[in-house]
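Residues per chain are reported as follows:
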Amino acid sequence: MRHIPEDELHAYLDQALSRNQCVEIESHLADCHSCQATRDGIAALRDRTTALLARLAPPRSISPSYESLRRRADVVVSARRRRMRAVAWAASLVVAVGLGYGASVLHRPGRVTTAASSTSAQPTTFAAKSSDTPRTLTPLTTTDRPVRQDTPAPAPRTAESSPPTVRTANASPPTADAAPAAADSSRAHRESVLAVLDPVPAVELTKLDPPRESGEEFGGMWRTLSWDGAQAEAGKPLPHIDGLPIMQVQVQRAEGTRPLMVVAQQLTSGQVIRTIEGSATDVSQLLSRRQMSDVDSVQLRGTTRVADTINADHAMAMQLGDRMLAITGDLPSDSLRAMIRRMNAEMRSK
Amino acid sequence: MTDDLEHLYQTTYTAVVRFLYRKVWDAERAEDLAQEVFVRALSHRPDKPRAWVFAVAANLARDEARAAVRRRRHLTLLKGDPIAQPTVTPAADDTVEHDEQMASVQEALNVLTPRDREILLLWDAGLSYPEIAAQTGLAVGAVGTTLARARRRLVDAHDRQNSDTGTNAAHS
């Protein structure tokens, strides 16, 4: 008579066998003392394993209500839709800015040069590729980018028609003046960057309001600020790379904590570099979340990821005390490393 | 349908947190990830939610580990620069013993091969043989064999460790 192999006894005790197999084993066990002893040994082994593993438990905590998770899930679904819309908007913004910049270069070359030279220290404009024959004139308004108040910006010109753009449901009605359209698309642009930056707590996305210049508190939410506003808020120089145009400054501040700042800048090649500064936990969480969601959108949703502009593989972080400084961008790690070193040296010398 | 997921949440949330904790070794992070798992389950509505939840949890834990490695690498790259070590909060006396006990099991668990460890943790999280088989690509019949080996190794490794420290203590 054959004895019962050990793994079968494990499966038996784990109740993973069919009724027939169980009957077979039980009838054998009734007569076989050797197998009885083995079974008892395995039962003890099982119990010990369970007891050992039970030590590896986190401290007990209160689980969030099911309802709260449902709300989060609802927000994620609607944010996903918004994000897709935001991508379309961002694309239209690129067209609008390209055309507008091209137009202003063609029509007012002298003025633009003055603006550029007087503000060389302050990053102000998009590095736009001029389009050769713009058919519409789109003014660049100051809402598009953080410009110092005293900076002579290219004078807005009234356009004959709005640039070809899509509109969201809540967008203001089209007018002959293209300025509202530019404001709309700049908001859409912000939303798209937000979606890229902060995909997990999507609550912020749905609640995002137009930018506020005042220092109003938004616990845990991203705000987009002007350069000066952000600097006032931080009370110190913002982390950024000298000489590159600034696209956007975002701040998240929970009460009583150090603000988390994200400064987006554009290289002449069109790539976007983001400088992140904040408490070490916030920054590393931001970086890791971004990675997580990249993988998520590729693996689980099976769609192309929105976060193409950010590849968290290209991130460089430096920790100084409880602060962390990070740079992300699609650049070789050597370049990022050089940048972060330089920035760190500058910040310490100030 | 909603009730199914809600029931699953009520019955397995703690198990999912524990499962994740044994991979990321950070209680808060484990909870964040577990919530993320259920939020995703709610928006995806998988057919076999229990198996799905653990599969996603395993994926998230894997990504998390990779991200941690990457962060460490970046930070070591910059070793030449002044990097302050994060301060470790001193543990209270009663937690020290608990921590030591935990560390010894953790160490024993590390002796197992990744696959054996995964299967043992999935079993401990309450998955059935067929569910474990589906998630790991193992044949159902092989789950028992793997569990038998994993249990034996875990207990042996733990016992060996304890007898080692026992001898050391006797000598000193």
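The shown structure was predicted, so the numbers you read here are calculated from the model rather than taken from an experiment.

Within chain B, the regular secondary structure consists of 7 helices and 0 strands. Per-residue burial for chain B yields a buried fraction of 34% across its 172 residues. Sequence-distant contacts, at least 24 apart, represent 62% of the contacts inside chain B between residues at least 6 apart.

Counting secondary structure elements, chain A contains 10 helices and 6 strands. Put simply, chain A has 350 residues, and 35% of those count as buried. In chain A, of all internal contacts separated by at least 6 residues, the share reaching a separation of at least 24 is 59%.

Once that is clear, we can look at unusual backbone geometry. Most peptide bonds take the trans form, and the phi angle of most residues other than glycine is negative. Of note, the phi angle at Q15 of chain A is positive, near 55°, even though the residue is not glycine. Structurally, the position occupied by Q15 of chain A is in the loop between α1 (6-13) and α2 (19-31). Backbone geometry at R45 of chain B places phi at a positive 50°, although glycine is not the residue there. You can call R45 of chain B partly exposed: it has 13 C-beta atoms within 10 Å.

Listed as interface residues are 45 residues of chain B and, on the opposing side, 46 residues of chain A. Looking at the side of chain B that touches chain A, the elements that each hand over two or more residues are α1 (2-24), α2 (27-44), α3 (49-77), α4 (93-111) and α7 (140-171) of chain B. Residue contributions to the side of chain B that touches chain A peak at 9 residues, all from α7 of chain B. Of the residues in the side of chain B that touches chain A, the class split is 25 nonpolar, 9 polar and 11 charged.

The next point concerns the nonpolar core. Ranked by size, the top nonpolar core spans 52 residues in total, and within it V16, L20, A34, V37 and A57 of chain B carry the most contacts. Those residues in contact with L20 of chain B that lie beyond four places of it in its chain are A30, L33, A34, A57 and A61 of chain B. Within the second largest apolar cluster, 27 residues are counted, among which are L225, I276, L286 and L325 of chain A.

What follows covers the pairing of strand β2 (residues 246-252) of chain A. All names here are of chain A. In terms of residue burial, β2 counts as a mostly covered element, since 7 of its 7 residues are buried. Bridge count for strand β1 (residues 222-225) against β2 is 4 bridges, and the pairing is antiparallel. Counterpart to R223 in the pairing with β2 is V251. Pairing of β2 with strand β3 (residues 260-266) involves 6 bridges; the strand directions are antiparallel. Bridge pairing in β3 links Q248 to A264.

Turning next to the environment of R323 of chain A. Residues and elements named next belong to chain A. Here R323 is to be found in strand β6 (residues 323-328). Judged by the 17 C-beta atoms lying within 10 Å of it, R323 falls in the partly exposed class. Each C-alpha atom of the pair R323 and A280 lies 4.8 Å from the other, and the pair is 43 residues apart in sequence. In contact with R323, not counting residues within four places along its chain, are E277, S279 and A280.

Turning to the confidence of the model for chain A, a few remarks are in order. Residue and element names in this part refer to chain A. Overall, the prediction assigns chain A a mean pLDDT of 65, with 55% of residues at 70 or greater. Note that pLDDT drops below 50 for residues 194-219; the model gives that stretch 43 contacts with residues more than four away or on any other chain. Note that pLDDT drops below 50 for residues 291-312; the model gives that stretch 32 contacts with residues more than four away or on any other chain.

What follows covers the sheet that holds β2 of chain A. Residues and elements named next belong to chain A. With antiparallel pairing, 6 strands are arranged side by side in an open sheet as β1-β2-β3-β4-β6-β5. Each edge of the sheet is formed by a strand with only one pairing partner; in this case those strands are β1 and β5 (315-320). For this sheet the average axis-to-axis angle between neighbouring strands, irrespective of direction, equals 20°. Looking at chain direction, β3 and strand β4 (residues 272-279) are connected through 6 bridges and run antiparallel. In the strand pairing of β4, V263 is matched with T275. Across the face of the sheet, helix α8 (residues 227-234) comes into contact with β1, β2 and β3 while running at roughly 35° to β2.

With 13 residues, α2 of chain A ought to run about 18 Å at 1.5 Å a step, and its terminal C-alpha atoms sit 19 Å apart, in line with that. The element α2 of chain A is largely exposed, with a buried count of 0 among its 13 residues.

What follows deals with α2 of chain B. Counted at 1.5 Å a residue, the expected span for α2 of chain B with its 18 residues is 26 Å, and the 26 Å between its end C-alpha atoms agrees. Looking at α2 of chain B, one finds that the buried residues are R29, A30, E31, L33, A34, E36, V37, F38, V39, R40, A41 and L42 of chain B.

Attention now goes to the packing of α1 of chain A against helix α3 (residues 33-55) of chain A. All names here are of chain A. Taken N-terminus to C-terminus, the directions of α1 and α3 make an angle of 60°; their axes are 10 Å apart at the nearest point. Compared by their axis directions, α1 and α3 come out oblique. In this structure, the crossing between α1 and α3 has a hand that is right-handed. Along its contact with α1, which presents E6, L9, H10 and L13, the element α3 presents T38, R39, I42, A43 and R46. Within the contact of α1 with α3, the residues separate by chemical class into 4 nonpolar, 2 polar and 3 charged.

The next thing to look at is the pairing of β6 of chain A. Residue and element names in this part refer to chain A. Counting buried positions along β6 gives 5 out of 6 residues, so the element sits mostly inside the fold. Strand direction decides the pairing type here: β4 and β6, joined by 6 bridges, are antiparallel. Looking at the pairing, G278 lines up with M324 of β6. As defined by bridge partners, β5 adjoins β6 across 6 bridges and the pair is classed as antiparallel.

Two quantities define a packed helix pair, namely the angle between the axes and the distance from one axis to the other. Residues and elements named next belong to chain B. Helix α6 (residues 129-136) packs onto helix α5 (residues 114-124) with a crossing angle of 140° between their chain directions and a minimal axis gap of 10 Å. Here α6 runs oblique to α5, going by the angle between their axes. Judged by the twist between their axes, the crossing of α5 over α6 is right-handed. The segment α5 lies against α6, with E118, I119, L122 and W123 engaging I132, Q135 and T136. Tallied by class, the residues present in the contact of α5 with α6 amount to 4 nonpolar, 2 polar and 1 charged.

The rules behind the values
Residues numbered from 1 in each chain as written. Chains lettered and ligands numbered in written order. Predicted model: local features only at pLDDT ≥ 70, side-chain atom pairs only at ≥ 80, totals over all residues. Helix = DSSP H or I, 4+ residues; strand = E, 2+ residues; numbered from the N terminus. Buried ≥ 20, exposed ≤ 12 C-beta atoms within 10 Å, placed from the backbone. Contact = placed C-beta atoms within 7 Å. Nonpolar A, V, L, I, M, F, W, Y, C, P; charged D, E, K, R; others polar. Core = buried A, V, L, I, M, F, W, Y, C linked by C-beta atoms within 7 Å. Pairing = 2+ DSSP bridges. pLDDT = per-residue confidence, 0-100. Axes fitted to C-alpha atoms, helices over the stretch in contact; angles between N-to-C directions. Expected span 1.5 Å × (residues − 1). Parallel < 35°, antiparallel > 145°, perpendicular 65-115°, else oblique. Left-handed = near helix turned anticlockwise from the far one by under 90°.

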